[in-house]
Amino acid sequence: MRIPIKRIGAAVTAALVLSVCPVTGCAANKESQAIKDESGLVLSGKMPETLPEGLSWYDFHEESGIFDKLRETVGEYFLINVTWFNGRTWMFVCETKPKTAVYHVVSFDENNNLVSDYVIKDEYGDSIAINSMDAGNALYLSAYDFSTGKDYLYPVDEVTGTASPDNRIELNQNSSQYEASVRFAFVGDDVALLQNGDEPCVELVDLAAGKVKKKVSLENLNRDFNIKYPENIICAGGNKVVVSGITSANWYFGQTRYCLVDFEAGTIKALDEMDYITVPLRNLTYCNGGLVTVTDGGVYSIDTAAGTCTMILSFNCSNCNRFLVNNSELKYADDNMLMFSYSSRYVGLGQLNDVLCVFTKSSDYPAAGKSILTVASTEDLDYSISEAIMEYNNQSSSSYMLFDSRYKANAEIDYSNVDSTDRAAVNSLNAYASVSDRLTMDIIAGNGPDILISNGANEQLSKSEYFIDLSDYLENESGINESDYFMNAINAMRFNGSLYQLPIGFYVEGFIAPSDAVNGKNGLTFDEYLSMVSSSCNGQDPIWDHQLSYSRNEVATKLFANSNEVFIKEGKIDVNCTEFQAIMDYCKDLPEKGFFEGKDIDAEYEDLMSAKESMKVQPVVIYGFYEYEAFVMKNKNALVFGYPSADGRTATIGSEIAVSVSACSSDINSCKEFINILLSEHVQSTIATNIPVNKNCARDLAVSEIAVHNRNVNENAGEMFAKTGEALDTSLADEYIEQLSEASTSAFVYHSISLIIYEEIPAYFEGQKTFEEVAQVINDRAQKVLDERK
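Residues numbered from 1 in each chain as written. Predicted model: local features only at pLDDT ≥ 70, side-chain atom pairs only at ≥ 80, totals over all residues. Heavy atoms only, no water.

Trainee: Can you walk me through the overall build of the protein in this structure?
Mentor: For the protein, the count of helices and strands is 20 helices and 38 strands. For the protein, the exposed area adds up to about 32,300 Å²; of that, 45% sits on carbon and sulfur atoms. (Helix = DSSP H or I, 4+ residues; strand = E, 2+ residues; numbered from the N terminus. Areas by Shrake-Rupley, 256 points an atom, 1.4 Å probe, with all protein chains shown as cover.)

Trainee: Looking at this model, I keep getting lost on the sheet that holds strand β17 (residues 229-235). Mind explaining?
Mentor: The strands making up a sheet associate through hydrogen bonds between their backbones, and the pairing can be parallel or antiparallel. Pairing in this open sheet of 4 strands is antiparallel, and the strands run β17-β18-β19-β20 from one edge to the other. Each edge of the open sheet is held by one strand with a lone partner, namely β17 and β20 (267-270). Taken over all neighbouring pairs, the strand axes of this sheet differ in orientation by 30° on average, direction set aside. For β17 and strand β18 (residues 240-246), the ladder comprises 6 bridges, and the chain directions are antiparallel. Each residue of the ladder has a partner; that of Asn 232, found in β18, is Ser 244. (Pairing = 2+ DSSP bridges. Axes fitted to C-alpha atoms, helices over the stretch in contact; angles between N-to-C directions.)

Trainee: What should I look at first to understand helix α20 (residues 771-788) in this one?
Mentor: Since the α-helix advances by 3.6 residues per turn, residues separated by three or four positions end up pointing in the same direction. Taking 1.5 Å as the rise per residue, α20 with 18 residues should run 26 Å; its terminal C-alpha atoms sit 26 Å apart, in good agreement. By the burial criterion, the buried members of α20 are Phe 771, Val 774, Ala 775, Ile 778, Asn 779, Ala 782, Gln 783, Val 785 and Leu 786. Relative to the axis of α20, the buried residues are bounded by an arc of 155° and lie together on one face. Facing away from the buried side of α20 by more than 90 degrees, the exposed set consists of Lys 784 and Glu 788. Buried residues along α20 sit against β32 (568-569), β33 (572-573), α11 (578-588), α18 (751-760) and α19 (762-765). (Expected span 1.5 Å × (residues − 1). Buried < 20%, exposed > 50% of the residue type's maximum accessible area, 1.4 Å probe, protein only. Arc of directions from axis to C-beta. Contact = heavy atoms within 4.5 Å.)

Trainee: Before we go on, may I ask you to explain the pattern of salt bridges in this structure?
Mentor: If the charged atoms of two oppositely charged side chains come close together, the side chains can form a pair. Summed over all chains, the structure comprises 17 salt bridges. A salt bridge links Arg 223 to Asp 224; its shortest N-O distance comes to 3.1 Å. Given a relative accessible area of 63%, Arg 223 falls into the exposed group. With its nearest N and O atoms 2.8 Å apart, the salt bridge here joins Glu 759 to Arg 781. Here Glu 759 is found in helix α18, whereas its partner Arg 781 is found in helix α20, with 22 residues between them in sequence. Each member of the salt-bridge network shares a partner with another, and the members are Asp 68, Arg 71 and Glu 76. (Salt bridge = Lys/Arg side-chain N within 4 Å of Asp/Glu carboxyl O.)

Trainee: Just to check I follow, could you spell out the packing of aromatic side chains for this structure?
Mentor: Given two aromatic rings, their pairing is described by the distance between the two centres and the angle made by the two planes. Inspection of every chain in the model, using the stated rule, returns 31 aromatic pairs. Between Phe 184 and Phe 186, the ring centres sit 5.6 Å apart and the planes meet at 85°, which makes this aromatic pair edge-to-face. Like Phe 186, Phe 184 is buried. Each ring, one from Phe 580 and one from Phe 771, has its centre 6.1 Å from the other, and the planes form 40°; the classification is tilted. Taken together, the positions of Phe 580 in helix α11 and Phe 771 in helix α20 put the pair 191 residues apart, joining distant regions of the chain. With a relative accessible area of 4%, Phe 771 lands in the buried category. Grouped by ring-pair contacts, the aromatic residues Phe 511, Phe 526, Tyr 529, Tyr 586, Phe 641 and Tyr 643 constitute a single cluster. Between Lys 588 and the ring centre of Tyr 764, over which it is positioned, the NZ or CZ distance is 4.8 Å. Sitting over the ring of Phe 486, Lys 695 keeps its end group 5.6 Å from the ring centre. (Phe/Tyr/Trp six-rings, centres within 6.5 Å; stacked < 30°, edge-to-face > 60°. Lys NZ or Arg CZ within 6 Å of the ring centre and 35° of its normal.)

Trainee: Is there a simple way to think about the pairing of strand β27 (residues 354-362) in this case?
Mentor: In the case of a regular strand, side chains alternate between the two sheet surfaces. Burial analysis of β27 places 7 of its 9 residues in the buried class, which makes it a mostly covered element. Direction of pairing for strand β4 (residues 57-63) relative to β27: antiparallel, over a ladder of 7 bridges. By the bridge assignment for β27, Trp 57 is matched with Ser 362. Here strand β26 (residues 337-343) pairs with β27 via 7 bridges, running antiparallel. Opposite Ser 343, over in β27, you have Asp 354 as the bridge partner.

Trainee: Would you take a moment to explain the pairing of strand β22 (residues 290-294) for this structure?
Mentor: Buried residues dominate β22, accounting for 5 of its 5 residues. The side-chain alternation of β22 yields two buried faces, one formed by Gly 290, Val 292 and Val 294 and the other by Leu 291 and Thr 293. Alignment of strand β21 (residues 285-287) against β22, held across 3 bridges, turns out to be antiparallel. Directly across from Thr 285, in β22, lies its bridge partner Val 292. The turn joining β21 and β22, which pair antiparallel and follow one another in sequence, is formed by 2 residues; a positive phi near 55° is taken by Asn 288. As paired strands, β22 and strand β23 (residues 298-303) are joined by 4 bridges and run antiparallel to one another. Its bridge partner being in β23, Val 292 is matched across the sheet by Ser 301.

Trainee: Which parts of the structure should I look at to understand helix α4 (residues 383-395)?
Mentor: Between the first and last C-alpha of α4 there are 18 Å, a value that for 13 residues agrees with the 18 Å anticipated at 1.5 Å per step. Extensive coverage of α4 is indicated by the burial of 10 of its 13 residues. Taken residue by residue, α4 has Tyr 383, Ser 384, Ile 385, Ser 386, Ala 388, Ile 389, Met 390, Glu 391, Tyr 392 and Asn 393 as its buried positions. If you check the start of α4, you find a side-chain oxygen 2.7 Å away from the backbone N of Ser 384, and it comes from Asp 382. (Polar contact = N/O pair within 3.5 Å; in protein donor to acceptor, adjacent residues only side chain to side chain.)

Trainee: What should I look at first to understand the sheet that holds β26 in this one?
Mentor: Pairing is antiparallel in the open sheet, where 4 strands are placed in the order β4-β27-β26-β25. Whereas interior strands pair on both sides, the edge strands pair on one side only; in this sheet they are β4 and β25 (329-333). Ignoring strand direction, the axes of neighbouring strands in this sheet form an average angle of 20°. Sheet strands in contact with helix α1 (residues 65-74) are β4 and β27, and its direction is about 140° off that of β27.

Trainee: What is the right way to read the packing of α18 against α20 from this model?
Mentor: In helix packing, the relevant descriptors are the interaxial angle and the interaxial distance, both defined with respect to the helix axes. Packing of α18 against α20 leaves a shortest axis separation of 10 Å and a crossing angle of 155°. With respect to their mutual orientation, α18 and α20 come out roughly antiparallel. The handedness of the crossing between α18 and α20 is right-handed. On α20, the residues touching Ser 752, Ile 753, Ile 756, Ile 757, Glu 759 and Glu 760 of α18 are Val 774, Val 777, Ile 778, Arg 781, Ala 782, Val 785 and Leu 786. Of the residues belonging to the contact of α18 with α20, the class tally is 9 nonpolar, 1 polar and 3 charged. (Parallel < 35°, antiparallel > 145°, perpendicular 65-115°, else oblique. Left-handed = near helix turned anticlockwise from the far one by under 90°. Nonpolar A, V, L, I, M, F, W, Y, C, P; charged D, E, K, R; others polar.)

Trainee: Is there a simple way to explain unusual backbone geometry in this structure?
Mentor: Across the chain, the bulk of peptide bonds are trans and the bulk of non-glycine residues have phi less than zero. In this structure, Asn 86 is a non-glycine residue whose phi angle is positive, near 55°. Within the secondary structure layout, Asn 86 lies in the loop between β5 (77-85) and β6 (88-95). Although it is not a glycine, Asn 637 sits at a positive phi angle of roughly 55°. Within the fold, Asn 637 resides in the loop between α13 (625-632) and β35 (638-641).

What follows is the structure, given as structure tokens:
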């Protein structure tokens, strides 16, 4: 089982940038900022009256009604796979209610009318596990037979949607290895098998004859391409496939890399090193006879034989929800239509659970002649932000928001050979520090953004030279009732009293425990914390254990950020003090490496998480009610409290979607219109990656999750082996809001200074230098950084 990628939280700052450039620049000629998107379209001043040759406008539609019809047909379901084949949308689903799995192969026509529903109960036998539905030159069900240890394909009738248990094709009957593999790809009339046995390889098998035609060894994947474990395979056209895997043995680190395997030549090459690949490779798929990749800018067709990479859809030529398309699987693409399939992780919240994202080529061009607002992001776009951008574009008669990828910091992180928590964190800090430097230079030059949406409080950008103080807007123009909002979250984003970053959503980070474990305190000093560890945690410090994978260096920089205003005052830094020594002495006794570092996450994850659930005091990052609910289902009188500190601080508040308005904006009113949309209840109610800053929306989402939990409890009552639990009272939603309202610790991040701390503190931990010596070096180096910013 995979674990979620670790969030750095307040330790890094992501930014989504919107730059208004209607007529003139702020301090310089805006023509110097003339932006070209990935298609080569110049996006400055105004949208062209007609799109350049080769570009087309696409209408975007979120199709969720088809899933309502699916639910009417099969009841509650678990969606396994969606594909487009022979003019129909095909879905392979499993019912969620019966004790024995009941599968459906369902198809809909182009108007989303039900065409067929093939029901599979027990006719395939107890030893057959049906895994998925796959499309090659025909449609198949893929399955594993436990009695034979083999994989099979069952052809699906393209008209009736049925398949026969007696008609099956053995995938690996003549394979050189006898280990079952469900990872395969159709290559014309053949099938390519990804084998991960003692001799990892890819085999090209004649599907009709069951004979291995070609074989290419994968033994050099780790040595030459840093792929630790090949896990996926897709067709690349001709007699070629793409094999992908993570560049780390640990899921916490690394990135996905793609290698091109040529069966004819018997070679393996890194696809991202090909001269014709000029865009990032992600969400790589093979559909409608071509290899396709989806980037932040659009969809590209890759022809490995011709050596070309051509854009077939620019997202700037469509008012689409970029979060949905960037987190979906492309299922079909032709000259007139593209279809993506999206399934939400946030079931029961204000977002769409399952949806088809359909792009249709259109002769209309609604953005013609509108003033351009460029949108740049240093991380992936949030669903709610994407919805707000779409709403703004639909409402505005004069402006249109477009995307600019120049500040994509998470794409600049160096993932090469990152198998430690320290290297991963340092590389992230370097990337975000570099982007912050670049962004401030652009703002000073008059080429900067008008609106910034950031995650985490970025000290470097919290200056009046860059962004305006939004205090007056909040108090006099926003129209919000402060009693309806988490003002503690908003005030935590203030820097030297000014509100340069207004959180649209936030999270709370610290610990959660029964109140009596910490004597009802929501903040502990280091001595009080260590006493609690001894009395309530059997000496096992939860700050490092299980869910938190931080090394002691990471913990030290986090605790520094939580008390940054103690050490940095009026542009002067001093860490040669008792408060910083308390941090250092506490962290010195922590393990050097993160808990997950060097561990087999797949093998140990369940045991690790089971052990965590039994901990009386648990580390927690609350992004929504789910994290709070998981604890209170087993523990009464829960209390959220902060990381240890010299003065006993509360839990930390961070934000992944906080809005700022540039000091050089030429259209303040448009910026405020967009903020109004972000603060509206209909957008706040869709926020899932953070807690909505609107208390009513946060409570409504909590009540909704309680209702889902209670429904499951009632439905599972009396069922053997079912995890029923106890019904929850809606008063827990009020307790949840109350706990969130008590957090107040602000953690502004000084990226460059955090890097200095990372580099210097190991000398103290390892006994090479005294505390005073290390503190003096940090002071000297950090002061230079602060002086350069004056």
